Every structure is written in C-alpha cells, then in structure tokens.
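# Geometric and topological summary
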Amino acid sequence: MKVAVCVKQIPDPAVPGELDPSTNTLNRDDKLILDESDSFGVELALQLVEAAGGGSVTLVSMAPRSEVSGLRTALAMGADDAVLVSDDALAGTDALGTAKVLGAALGRVEPDLILAGVESSDGYTGTVPEQIAGVMGIASVTFAKKIEASDGMLSIQRQTDDGYDEVTCPMPALVSVTGGVVEPRYPSFKGIMAAKKKPVDQVGIADLGIDASAVGFAGSRQETVAVVDAEAREAGEIVIDEGEGFQRIADFLAELKVI
Amino acid sequence: MSEEHEAFRAMVRDYVEREINPRIPQWEEAEMMPLHEIFSDMARLGMLGLEYETEFGGQGADHMFTVILAEEFGRCDHGSLPMALGVQVDMATPSLAQFGTAEQKERYLAPALRGEMVASIAVSEPDHGSDVAGIRTKAVRDGDEWVINGSKMWITNSVQADWLCLLVRTSDEGGYQGMSQIIVPTSSPGFSVSKKLDKLGMRASDTALLSFDDCRVPVGNTIGEIGKGFQQQMAQFVVERLWAAYTAVGAGERALERTAEYLRERKVFGEPLLAKQYIQFSLAELSADLDLLREYCRSIAGRHDAGEDTTRQATIAKLKAGRLLRQIADVCLQYHGGIGYVEETWTARFLRDNRIISIGGGADEVMLQVLARMDGFTA
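Residue numbers here run from 1 along each chain, matching the order of that chain's written sequence. For naming, the first written chain is A and the first written ligand is 1, with later ones following in the order written. Confidence filtering applies because this is a predicted model: local features only for residues at pLDDT of at least 70, side-chain atom pairs given and counted only at 80 or more, and all residues used for totals across whole chains, interfaces and linings. Each side-chain value is worked out from all heavy atoms of the structure, with water and hydrogens disregarded.

Let us look at the pairing of strand 7 (residues 81-85) of chain A. Residues and elements named next belong to chain A. The cut-offs for exposure are 20% and 50% of the maximum accessible area for each residue type, with area from a 1.4 Å probe on protein chains only; residues under the lower value are buried, those over the upper are exposed, and the others partly exposed. Working definition: helices are DSSP H or I runs of at least four residues, strands are E runs of at least two. Numbering for both runs from the N terminus. For strand 7, the buried fraction is high: 4 of the 5 residues fall into the buried class. Pairing between strands is defined by DSSP: at least two bridges between the two strands are required. Pairing of strand 6 (residues 56-62) with strand 7, which is carried by 5 bridges, proceeds in the parallel orientation. Residue pairing for strand 7: Ser-61 is matched across the bridge by Leu-84. Handedness rule for crossovers: strands pointing away from the viewer, path from the first strand over the helix to the second running clockwise, crossover right-handed. Taking the sense of rotation as the criterion, the β-α-β connection linking strand 6, helix 2 (residues 69-77) and strand 7 turns out right-handed.

Following this line, the structure appears as structure tokens:
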C-alpha cells in the first residue's frame, strides 16, 4: 500500500511569530519544524502500511529555502521518502495555489491514499486538503478518526459533533485526519540516524509543469487586507468565597443554561 | 552539534514533557518509580546504552548524545529519575561494558539496555562513602563461588534492582589494592535489602542499605581482572561525575527559565518583580555561570570522545555543578517568596533534590581533595 502524507513545515509555535508588514504574511525566515497537526497523519499512514503488511509512506511538502527539518522529523518517525517543492516563485501562494502545487507533486507519487491534517497550525485555512482532492479529481473524506483499507476500498470513521459517520470510498482518495486521534510515535535514536539517509526529492515549479504566474503573490486570489489586534479580554468578576462560593458557581452556570 | 543531535534533543525534551513529567507527582507520592516499565519504554526509543556496542543493544552513538540525554532529563520535574537513569546507563554499567566478557554482557548488559533489568552500583558502605579505600565488604573464594559478607549504603535503584555492580575486597592487601567488581544478582542467596532510606530529597528514588550474609555468586561474575576493581571503579566514577554535571546544566537552565517566567507575572508595588534590577542581575549572573558550566561540559565531551583522560575535568565539573545548583535552587526559591516554600511549587523539591549533587558520587570536599592532589596543592 502506497500512502502519501501532506506535511507542512511551520515556524516553531513556541517562538512568537511575526508578520511581514508589507505583505501581511507570516515571516518564515527561521528554521521550520513539522506541524504537529500533520504528525497524526504520518502516524496513521505508518499504521496503515504496517497493517497492510507492506508498502511505503511518502511525505509531500511545500516550503521555502529547501527547508527539510520538519521532513526529517517525519522521516525519523518512519516515513520512507519525501518530495519537497521549494521555489522562490511560491512566496505568497494562497490555499488554492498550494493545492495545485501539492496536487502536481502528489501526481508524481501516484499513491493509493493521501492523508493530510484538517488544517495547519499556522495558516488555519482548513481548505487545502479538499482543494487538492478537487485538483486531482479524487474522492475526499474529511475529519477522519479511524481509517481501514482493504481490497481497494477505505472504511473511514468520520468525526461529527454527535459521534461519527461511517464512510466508505474507493482508492485513490484524500482523507483529512482530525488531530489527536492517534498517538504519534516518537522518533527513535535509530530513526533519527536513518532519517538523514532517506531520499528527499527536491523539485521546483517548472519540474511540476506549473507556471510562475499561477502561484505566489501573482497568482494568489486571496489577500490579507488588514491585520488588527484581537480585543483584550475583559477582567473577570472576582467572587470572594465566604462559604457560599459553590452556590454562586451553580447560579452562574444555571444562568448560562449549562446546568 | 549536528542536525541529528538537535533532533535527538527535541525528541527527548518532548518525551520528558509528555511521558515523564505528568507521572512525577504520582511517583513522588509513592516514593518509588516503576523503573522496569520506564526503562523498557525508553529503551524502545534507543535512549539506554547510547554509547555501548550495538552487539549488546547499545546504539554506538557519540558522547554528545549522552550529554543531550542528561541535559534533557535534567529538565525533569524532579531529580530522582535523572539520577536513576544515570545509575542505569553511566554508573552501574560502564565497567561491565568495558571490561566484561561477552557472556556477562549478554546476560546482564543487554537486558539492562533493553530496560528489562534494573542495575545498581554498590560501592559506599555505612562507614565509608567517599573514602573508597576504606571499604570492608569482603568476598572470599570458595571453589567457583565468591562468598560475600558486609553491607552497602546509599545504593540508588537497589530496592528494585536485578543486579548490582558491587565493589568488594577480594584479598587482605588493604588500601586501594585487592578489590574486585562483581556482578551480584539480587536473587542471590544471602542478599537482602535491609532498609529503604527516608531521604531529604530524591524521594521517588529507592535508595537502600543492603546486606550480604554469606551471599554466594559465581566467580565468573567478576568484571575484568580480580584485584583491579578499584582502578576499574575509578574509571566508572569519571562518567558518573560527568552525568551529574550534564544533568545539572539542564536542571539549572529550566529552573532559571521557570523563575523568570514567574517573576514576569508576579507584580509587586505595581510592576513585575523581574523589572527589579537586583533580580535581573542576580539571575543573569547565575545564567552566565551556568553557561560556563555548559560549555565546560561540552568541551569535556569532546575530550572524552577523543579518548583523553577527563578525570580532572569531570571532577571540576561535578564540584562546580553541585555548588551552582545549590545557589540556583536557593535564589529561585527566595525570589518566589512564601509560595516558593510550599510543596505545590517546584522550588521546594528542586532545593531538596539537587542538594545531593554536592554529596553523592563523591562529596565536594572529596572533589577538592582529588583536585588539590592532581594540581599539586599538597604538602
């Protein structure tokens, strides 16, 4: 079974991020790391290949400056290889442009199944996976919490507000994976040492047959017109507990109709 | 530092934060850690036996990986696990790895590196801790067996240990002569744990007084050469001191980070405590001292990898690490004020746990004695 996982390499969330004031886009000049929301897809892919008794897990990513740090983390977890699209012309690419680029890169991999996180932890558009499926003309299933594959078919538990839907669809398909549904494995010492020898196929947009005018700031149909500070949180009400604090809490919750 | 070192550091930091720290309150409460379970899980990720031969389950890594492992475990919410881990990988097993036979390594080292066996190092005695030449526990040969009598004190991991690397007298030569290192399975007849010790700190670590009453083990369990135990143990002490210094770097680093974080939030007379220049300067000075220790340790790591004798440097690092951590623990607690003196705040445990670094593995005074001798400050 051949599984491809879309992984994003993002600025370290532990370090306060900065926006470029001229473009309103996130500054990505520092080292990038694997988006934690994609580690669930990597783990599910590894589990599916193990369950299938063989196959491969290929990572597909788009990042500036040929950045591979985040890819190495996922390779250390056990993925076999990676395709990295890196091109100066990609700066400023919007969600749809990203989907076109990743779709073209995934086309080279020809996977049975493509996994992606529901949304990235830096951009949060939450639209790229479905757009990739649209660009590639394959089935798309969202919010998966469990995936099983057999005889060319996928059985997916799709998370909903009330529980989950059971969905089946033929492969190839793209499935977005809800964060937290599996426990991503830690890269082992051996995995870390092996990761540096695993192949990363680095390609530019010309290799994918994409014209520079279709991507980057030039091709972007999405524009961040303004960035404003979030409203400061108002101070809460302080209640001094004089033995009846519990009652005040109960009344407050009742007022909210929570209880 | 290579990309692989950085990746390993990121993995260990994540592991400590997610898998270790949440369980520490429970272990502190129980005054015990399930070491077989913890070590087995760590072994799965290759964290045990980093520098040992791959043939026996080691990883064949360079020494910098050990530095990173120790620094990151030093950032734990307590000192007990970093100490227990140090005993397992850098105090009880180095002699076996260096001088042991293939059969001994297969039987004792490999299971220890898989986390299936817990190991202890048994050197100190009730009346002789840092004064190793004074130890009295004795092994007398009876055919193919050693018959051991005596007691060992302050033995970390020993309540749950599967085997001990025991230093005993095997002849009557006295002083530094006639000692041997013997692997003693704790299932051996005549071995018993006399008492689990109630300590000021490192409360989750099982430290005990051990008794040997006609305890019989095969002579084949002797590590290296009979009679060379003291010399072999001295080499083992060097890595023990290094481990203590490396963990102190991580522990001190996190303590200063946490204190600064608290002082940034804590407002007194309308401004954060961290706005006070006196506090800024004292934290900056401790951070500078810690940086000297960090860089000194890394320089030792390089020498260690090059095969140089690092006895002097390890002694200095251990001495300075113990003293610096005592200072950091005191200052961090002080700046927390009353809240720093209660058990809910990390500072109380930090002060208790790290006090041991100036005592265990050779007290500060012993480190100074070694240095005075090595540097010629004797008459």
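So, next bit.
What follows covers helix 2 of chain A. The element helix 2 of chain A is largely enclosed, with a buried count of 7 among its 9 residues. Among the residues of helix 2 of chain A, those classed as buried are A:Ser69, A:Gly70, A:Leu71, A:Ala74, A:Leu75, A:Ala76 and A:Met77.

Residue and element names in this part refer to chain A. Structurally, the position occupied by Asp-94 is in the loop between strand 7 and helix 3 (95-109). There is a polar contact of 3.4 Å between the side chain of Asp-94 and the side chain of Ser-220. Should any heavy atoms of two residues lie within 4.5 Å, those residues are counted as being in contact. Excluding residues that lie within four positions of it along the chain, Asp-94 makes contacts with Ser-220, Arg-221 and Gln-222. Contacts described as polar in this section are N or O atom pairs within 3.5 Å, which, within protein, must combine one atom able to donate a hydrogen with one able to accept it, while residues neighboring in sequence count only if both atoms come from side chains.

Let us now look at the interface of chain A and chain B. Each partner contributes residues to the interface: chain A has 12 residues there, and chain B has 16 residues. Buried surface at the junction of chain A and chain B, summed over both partners, amounts to about 1,200 Å²; 63% is from carbon and sulfur atoms. We define buried area as the total accessible area lost by two parts upon association, computed with a 1.4 Å probe and summed across both. When residues of chain A are sorted by the area they lose upon contact with chain B, A:Tyr186, A:Phe189 and A:Ile192 head the list and together hold 61% of the total. We define a salt bridge as a contact between a side-chain nitrogen of Lys or Arg and a carboxyl oxygen of Asp or Glu at a distance within 4 Å. Taken together, the connections running from chain A to chain B amount to 1 salt bridge. The interface formed by chain A and chain B holds 4 residue pairs in polar contact (both at pLDDT 80 or more) in total. Three residue categories are used. Nonpolar comprises Ala, Val, Leu, Ile, Met, Phe, Trp, Tyr, Cys and Pro, charged comprises Asp, Glu, Lys and Arg, and polar comprises the others, including Gly. For the side of chain A that touches chain B, the residue count by class is 6 nonpolar, 1 polar and 5 charged.

The subject of this paragraph is the domain arrangement of chain B. Residues and elements named next belong to chain B. Segmentation of the chain into domains, including their bounds, is taken from an automatic or database domain assignment. Domain boundaries assigned for chain B yield domain 1 (3-113), domain 2 (119-228) and domain 3 (231-374). A straight line from the C-alpha centre of domain 1 to that of domain 3 covers 21 Å. Each partner contributes to the interface: domain 1 provides 32 residues, whereas domain 3 provides 23 residues. For the pair domain 1 and domain 3, the two sides together bury roughly 2,300 Å², of which 56% comes from carbon and sulfur. Taken as a group, His-63, Arg-75 and Met-91 account for 28% of the area that domain 1 buries against domain 3, more than any other trio of residues on that side. Inspection of the region where domain 1 meets domain 3 yields 6 salt bridges. Those elements giving two or more residues to the side of domain 1 that touches domain 3 turn out to be helix 1 (3-20), helix 2 (24-30), helix 4 (63-74), helix 5 (80-91) and helix 6 (94-99). Here the side of domain 1 that touches domain 3 takes 8 residues from helix 4, the largest share from any one element. Classifying every residue of the side of domain 1 that touches domain 3 by side-chain character gives 13 nonpolar, 10 polar and 9 charged.

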